Amino acid sequence: MADLSKLDGPVQHILDGTATLFLGAGVSFLSKNKDGLPLPNGDELKLLLASELKMSAGGHALDKLANHFRKKRGPAPLYDLLQDRLTAVEVDPRFSEFLCADWRRIYTTNYDNAVEKACKQRKARPPYTPADSAAALPDGAVIHLNGYIEKLAPISIDADIRLTDRSYATSTLLQSPPWRNVFANDLRVSRSIVFVGYSLADLDIARILIDEQSLRRKLYFIVAPDADEIDTDALASYGEVFATGVEPLFTLLEAARKTYNPKNRPAGFTSILDLAQRTSARSSVPATLVDNQLIFGEPALAQIISGATVFDKVPYLVPRDDVTQAVSAIIEGHARDLVIAGGLASGKSFAALQAGQQLLQAGYKVYDVADGRRLQADLDKLRRSSDRICLVVDGYRQYIDEIKFYLTQRPTLHTIILTERSASHEIVWSSLSPQLADSSIEVVLDDLSDKEIDGFDALINFAGLYPENVAGRPAVSRAHYVAHDLDRSLYRLLLEIIKSKRVQAEIERLLSPLRHDPDTRDFFTTAFIISALGLPFWINDWQAFYKLKNAREMFRKHADEVGHFVVMDTASIRSRPGVTSLYMLREFIDDDTIAQCLADIYEVAVKNSDDSEFERVRYDLIRYNTVEPLFSDHRKLERIVDYYDEIRSIGDTRNNSDYWLQLGIACTIHRDFERAGEAFAQAYARERARARPNTKKIDNYFARYQIDKAADIGDAQEAFALAQAGVAALLKQIFQADNRHYPFKAGRALTSVASKHFEHWDAAQQKQFLGTCTSLRDKALAWKAHHKGDNVDVDILIKEVNVILKGAQTKLT
């Protein structure tokens with residue numbers, strides 16, 4: 001006896017509009033033609049053709065009998081016979097209810113009009129065949145894979161209909177990229193896929209199901225109670241099989257509909273978008289799509305979601321190994337959530353898209369955050385759904401408060417994927433970790449693996465974006481170049497692409513119209529800054545700059561120049577962060593213009609700080625890690641200090657302890673230790689003057705300042721005191737949740753301290769220094785054991801301290 005409770009999920013998905021139906025000839029008996037006879041299935045149609053020809057059907061296939069009939073009688077009699085026997089005039093009432101449910105899509109191998117007849121007065125179900133255009137295919141459409149009786153004509157009967165027990169998909173659907181993508185996407189994004197009256201005699205459809213193993217958990221086959229056991233065993237290798245006939249499914253759906261409340265559907269969102277509904281409108285040409293991805297960071301969304309390939313079996317999206325493993329753990333129930341961190345241009349947004357696609361294939365409903373204006377309300381709606389849902393938040397720091405609320409309220413089956421730049425992640429993760437620490441996997445996108453290099457190599461070689469001295473090499477040599485010459489860095493690889501002659505010429509073409517008018521230049525410098533930083537601005541936000549009256553008109557006028565960097569819709573102009581925006585700023589726009597535009601943005605953000613979006617911008621533009629990459633390497637510290645001096649007079653910046661801390665960080669990194677010390681003193685003074693001071697963050701960076709200064713100065717005794725004080729601070733910080741890996745990163749400077757000063761210390765000082773180094777290494781080893789994982793800063797610290805200890809032992813003996 002089949003366990004019908006396993007159909008509860010599919011029934012819920014049918015009512016929600018997230019299931020796809022696949023109809024076969026096994027349901028033909030539920031519809032009748034004008035003579036009151038059930039519509040014939042494939043075997044019955046063979047017998048009918050043979051009877052008309054006054055011959056035995058024998059073992060002949062349907063297509064051969066139909067071809068013979070056409071040859072003997074002509075196309076018009078074949079057309080008349082099919083119209084007479086396959087046009088439905090009556091459909092079983094329960095079958096009609098079933099067909100008129102809110103199916104996302106209906107695919108059928110049947111030629112008849114039963115679906116259209118059943119739903120004509122109740123729900124529009126426009127019929128399509130693979131001969132039609134797949135553009136703008138509406139939800140609820142019926143796709144007749146083998147042709148449709150009402151689109152049949154005697155003169156074109158050979159092209160209009162395929163009388164065979166092999167799917168029309170063989171010659172048309174799977175060979176037409178638009179239809180192939182639609183079909184694959186429907187299979188992947190549907191929560192359930194229900195096959196009724198269908199067998200897997202169609203080898204092409206079977207092949208798709210074999211290739212997509214992730215579909216198995218959402219495939220349901222309803223077959224006749226007397227179905228052949230060999231056939232049901234074959235179907236069972238693809239999904240759940242119910243040899244019950246379709247009547248029990250009708251009954252389950254009728255019962256569920258009585259208590260179904262459509263208000264519980266997670267619909268009508270403003271700030272979050274259904275990933276399955278995302279499309280790419282700028283191009284459909286593979287070469288252009290790959291160019292846009294590699295050069296401008298513009299994902300080929302529709303192709304990625306549908307799993308389309310660029311050529312051969314090369315996908316548009318290069319899967320990151322750690323992300324694949326993490327999402328597999330979530331699907332298998334070993335983890336619940338995923339956090340993706342990485343530096344600039346490390347592939348975080350694409351990794352999140354990869355994770356979302358994997359979960360779509362596994363039957364999740366996947367949403368991603370587009371903006372934050374009504375995010376709280378949307379998440380409140382979302383948490384009311386008990387379905388398997390994944391929320392993707394790319395750049396989660398912007399939405400900390402909304403995410404906190406959602407995490408405390410979300411149902412058990414809800415998963416969240418978060419991305420953030422490593423520097424920001426280090427700072428803000430502690431505010432979320434109590435809700436996620438025990439159930440989340442953290443992936444840090446560092447070096448590219450060999451497999452990932454091969455994936456990027458295939459796309460870059462296809463696009464012709466390698467430098468001339470690399471382009472003609474074999475694939476193995478190109479991979480070696482990425483692994484060794486570029487240190488497996490995706491950021492460096494993307495920079496190499498941008499430096500190619502073709503891309504340089506394209507960038508020059510994009511920028512040239514913007515250079516003639518200073519106001520336009522400044523406005524679009526601001527746009528590139530916004531794009532490089534990934535800041536969330538709406539239409540009115542943009543119009544706050546330079547007293548611009550119509551931001552939309554400005555963007556329309558220069559759509560070709562900035563269309564790769566920003567996305568404009570009815571309410572917002574959203575930036576698309578990418579390494580190209582940053583490169584264009586640093587190489588094509590002078591530092592003085594950048595500094596002035598940054599200050600302008602900061603001033604507008606301070607004036608509008610009651611707006612949460614602008615408050616986040618204000619916070620960002622104080623931080624050294626945010627502004628440093630925007631400037632060229634020419635006189636960088638001087639430019640950055642000039643910028644900090646410029647914004648000090650804006651609002652209450654001069655009394656902000658974080659402002660002085662960030663200035664101290666900048667001066668430390670650029671080895672201006674005198675100015676750094678003064679900035680840290682100002683930061684401590686302002687923080688301690690607060691009602692509830694918290695100096696932890698300052699302590700972190702001040703420890704780094706002490707160790708870096710110790711490695712830089714010539715006085716060995718002062719260096720010893722600084723290094724010991726710095727390490728003592730690090731040892732206190734290591735297991736504090738809000739410090740994470742930073743103490744280990746700061747401690748790596750001890751190698752430079754030892755190499756410069758160790759020989760100039762006395763024996764007691766040497767012993768004390770080695771003892772503190774050993775303690776720091778042991779803390780790092782304990783961290784690894786506690787977290788059961790690797791981190792590049794922790795691993796390098798352990799390695800470097802071991803080098804110090806080994807070198808010291810050699811010197812002492």
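None of the values given here were measured: they were computed from a predicted structure. (Residues numbered from 1 in each chain as written. Predicted model: local features only at pLDDT ≥ 70, side-chain atom pairs only at ≥ 80, totals over all residues. Heavy atoms only, no water.)

## Points about the packing of aromatic side chains
Enumeration over the complete set of coordinates arrives at 20 aromatic pairs. Between Phe 22 and Phe 195, the aromatic rings sit 4.8 Å apart at their centres with planes inclined by 15°, giving stacked as the arrangement. Here Phe 22, found in strand β1 (residues 19-23), pairs with Phe 195, found in strand β7 (residues 192-196); they are 173 residues apart in sequence, far enough to count as distant. By the burial criterion, Phe 22 is buried, and Phe 195 matches it. In this structure, Lys 151 packs its charged tip against the face of Tyr 128, placed 5.9 Å from the ring centre. One Lys or Arg, Arg 388, reaches over the ring of Tyr 364 and ends 4.8 Å from the middle of that ring. (Phe/Tyr/Trp six-rings, centres within 6.5 Å; stacked < 30°, edge-to-face > 60°. Helix = DSSP H or I, 4+ residues; strand = E, 2+ residues; numbered from the N terminus. Buried < 20%, exposed > 50% of the residue type's maximum accessible area, 1.4 Å probe, protein only. Lys NZ or Arg CZ within 6 Å of the ring centre and 35° of its normal.)

## Thoughts on empty space enclosed by the protein
Using the criterion set out here, one finds 5 cavities of 30 Å³ or more in the structure. Of the pockets and cavities examined, the largest cavity occupies roughly 80 Å³. Lining the largest cavity are 13 residues; nearest its centre among them are Leu 23, Asn 110, Asp 112, Ala 114 and Val 115. Considering every element that reaches the lining of the largest cavity, the biggest residue donor is helix α6 (residues 114-119), with 3 residues. (1 Å grid on protein atoms, 1.4 Å probe; cavity = no way out; pocket = protein on both sides within 12 Å on 5 of 7 lines; lining within 4 Å. Points joined across faces, edges and corners; volume = space filled by probe spheres on them.)

## A closer look at the sheet that holds strand β15 (residues 389-394)
Across a sheet, strands are paired by hydrogen bonds formed along the backbone, either parallel or antiparallel in direction. Strand order in the open sheet formed by 6 strands is β10-β14-β15-β16-β13-β17, and the pairing between neighbours is mixed. Edge positions in the sheet fall to β10 (272-274) and β17 (440-445), since each has one partner strand and no second. Across the sheet, the mean angle from the axis of one strand to that of its neighbour is 20°, orientation sign disregarded. Note: strand β14 (residues 365-369) against β15, 4 bridges, orientation parallel. Within the sheet, the bridge partner assigned to Val 366 lies in β15 and is Cys 390. (Pairing = 2+ DSSP bridges. Axes fitted to C-alpha atoms, helices over the stretch in contact; angles between N-to-C directions.)

## Some details on the nonpolar core
Judged by nonpolar contacts, the single largest core of 119 residues is most densely connected at Leu 338 and Tyr 644. Setting aside residues no more than four positions away along its own chain, Leu 338 makes contact with Val 323, Ala 326, Val 327, Ile 330, Ala 355, Ile 416, Ile 417, Leu 418, Ile 441 and Val 443. Within the second largest apolar cluster, 34 residues are counted, among which are Val 11, Leu 39, Cys 119 and Val 246. (Core = buried A, V, L, I, M, F, W, Y, C linked by side-chain atoms within 4.5 Å. Contact = heavy atoms within 4.5 Å.)

## Things to note about the confidence of the model for the chain
Summarising the model, the chain shows a mean pLDDT of 81, and 83% of its residues fall at 70 or more. In this model residues 164-171 is a low-confidence stretch, pLDDT under 50, and it forms 25 contacts with partners more than four residues away in sequence or in other chains. (pLDDT = per-residue confidence, 0-100.)

## Quick word on helix α33 (residues 636-647)
Residues lying three or four places apart along an α-helix face the same way, a consequence of the helix completing one turn every 3.6 residues. Here α33 is 12 residues long and its end C-alpha atoms lie 17 Å apart, about the 16 Å a rise of 1.5 Å per residue gives. Buried within α33 we find Lys 636, Leu 637, Arg 639, Ile 640, Val 641, Tyr 643, Tyr 644 and Ile 647. In this fold, the buried residues of α33 make contact with α29 (579-588), α30 (591-607), α32 (624-627), α34 (657-669) and α35 (673-688). (Expected span 1.5 Å × (residues − 1).)

## Quick notes on the side chain of Asp 368
Examined against the element boundaries, Asp 368 turns out to sit in strand β14. Look past the residues within four positions of Asp 368 in its chain and what remains in contact with it is Ser 271, Ile 272, Leu 273, Arg 278 and Val 392.

## Let's talk about the pairing of strand β16 (residues 414-421)
Across the 8 residues that make up β16, a large majority, 7, are buried. As paired strands, strand β13 (residues 337-342) and β16 are joined by 5 bridges and run parallel to one another. Bridge assignment links Val 339 to a residue of β16, and that residue is Leu 418. Direction of pairing for β15 relative to β16: parallel, over a ladder of 6 bridges.

## Overview of the pattern of salt bridges
Taken as a whole and judged by the stated rule, the model has 29 salt bridges. Between Glu 638 and Arg 635 there is a salt bridge, and its shortest N-O distance comes to 2.5 Å. When salt bridges that share partners are traced, they join Lys 34, Asp 35, Asp 84 and Arg 85 into one network. (Salt bridge = Lys/Arg side-chain N within 4 Å of Asp/Glu carboxyl O.)

## A short note on the environment of Phe 720
Counting through the fold element by element, Phe 720 comes out in helix α37 (residues 716-733). Put simply, Phe 720 and Ile 707 are 13 residues apart on the chain and 9.2 Å apart in space, counted from C-alpha to C-alpha. Excluding its chain neighbours within four sequence positions, the residues that come into contact with Phe 720 are Trp 761, Gln 765, Gln 768 and Phe 769.

## What to know about the packing of helix α24 (residues 501-511) against α29
Where α24 contacts α29, the axes come no closer than 12 Å and their chain directions differ by 75°. Taken together, the axes of α24 and α29 are roughly perpendicular relative to one another. Residues Gln 504, Ile 507, Glu 508 and Leu 511 of α24 lie in contact with α29, whose contacting residues are Thr 580, Tyr 583, Met 584 and Phe 588. (Parallel < 35°, antiparallel > 145°, perpendicular 65-115°, else oblique.)

## Here we look at the sheet that holds β7
Taken together, 7 strands build an open sheet; the order of strands is β5-β6-β4-β1-β7-β8-β9 and the sheet is parallel. The sheet is open, and its two borders are formed by β5 (127-128) and β9 (240-242), each paired with just one other strand. For β5 and strand β6 (residues 142-144), the ladder comprises 2 bridges, and the chain directions are parallel. Paired with Pro 127 across the two strands is Val 142, which belongs to β6.

## Notes on helix α22 (residues 475-485)
If you check which residues of α22 are buried, you get Arg 478, Ala 479, Tyr 481, Val 482 and Ala 483. Buried residues along α22 sit against α20 (450-463), α21 (468-471) and α23 (490-498). Of the residues flanking the end of α22, it is Asp 487, one or two places downstream, whose phi is positive at about 55°.

## Some thoughts on unusual backbone geometry
Non-glycine residue Lys 54 carries a positive phi angle of around 55°. Note on placement: Lys 54 falls in the loop between α2 (42-52) and α3 (62-73). Even without glycine at this site, Asp 312 takes up a positive phi of about 45°.

## Regarding the environment of Ile 460
Tracing the backbone through its elements, the reader meets Ile 460 in helix α20. Expressed as a C-alpha distance, the spacing of Ile 460 and Leu 494, which sit 34 residues apart in the sequence, is 9.7 Å.

## Overview of the pairing of strand β4 (residues 105-108)
Neither face of β4 is exposed, since Arg 105 and Tyr 107 on one face and Ile 106 and Thr 108 on the opposite face are all buried. Relative to β6, β4 runs parallel, the two being bridged by 3 bridges. What sits directly across from Tyr 107, in β6, is Ile 143.

## A few points about a negative patch on the surface
A cluster of acidic residues, Asp 228, Glu 229, Asp 231 and Asp 233, forms a negative patch on the protein surface. Turning to its location among the elements, Glu 229 is positioned in helix α10 (residues 229-236). Judged by its relative accessible area of 60%, Glu 229 is exposed. (Patch = residues over 30% accessible without salt bridge, like charges linked within 9 Å, V, L, I, M, F, W, Y side chains within 5 Å. Areas by Shrake-Rupley, 256 points an atom, 1.4 Å probe, with all protein chains shown as cover. Lys, Arg positive; Asp, Glu negative; His and termini not counted. Charge placed at Lys NZ, Arg CZ, Asp CG, Glu CD.)

## Details of the packing of α34 against helix α36 (residues 696-712)
Direction vectors running N to C along α34 and α36 enclose 20°, while the axes themselves pass 10 Å from each other. Between α34 and α36, the interaxial angle falls into the category roughly parallel. At the point where α34 passes α36, the crossing takes the left-handed sense. Residue-level inspection shows Asp 658, Leu 661, Ile 665, Thr 668 and Ile 669 of α34 in contact with α36, the latter providing Lys 697, Ile 698, Tyr 701, Arg 704, Tyr 705 and Asp 708. Partitioned by chemical class, the residues of the contact of α34 with α36 number 6 nonpolar, 1 polar and 4 charged. (Left-handed = near helix turned anticlockwise from the far one by under 90°. Nonpolar A, V, L, I, M, F, W, Y, C, P; charged D, E, K, R; others polar.)

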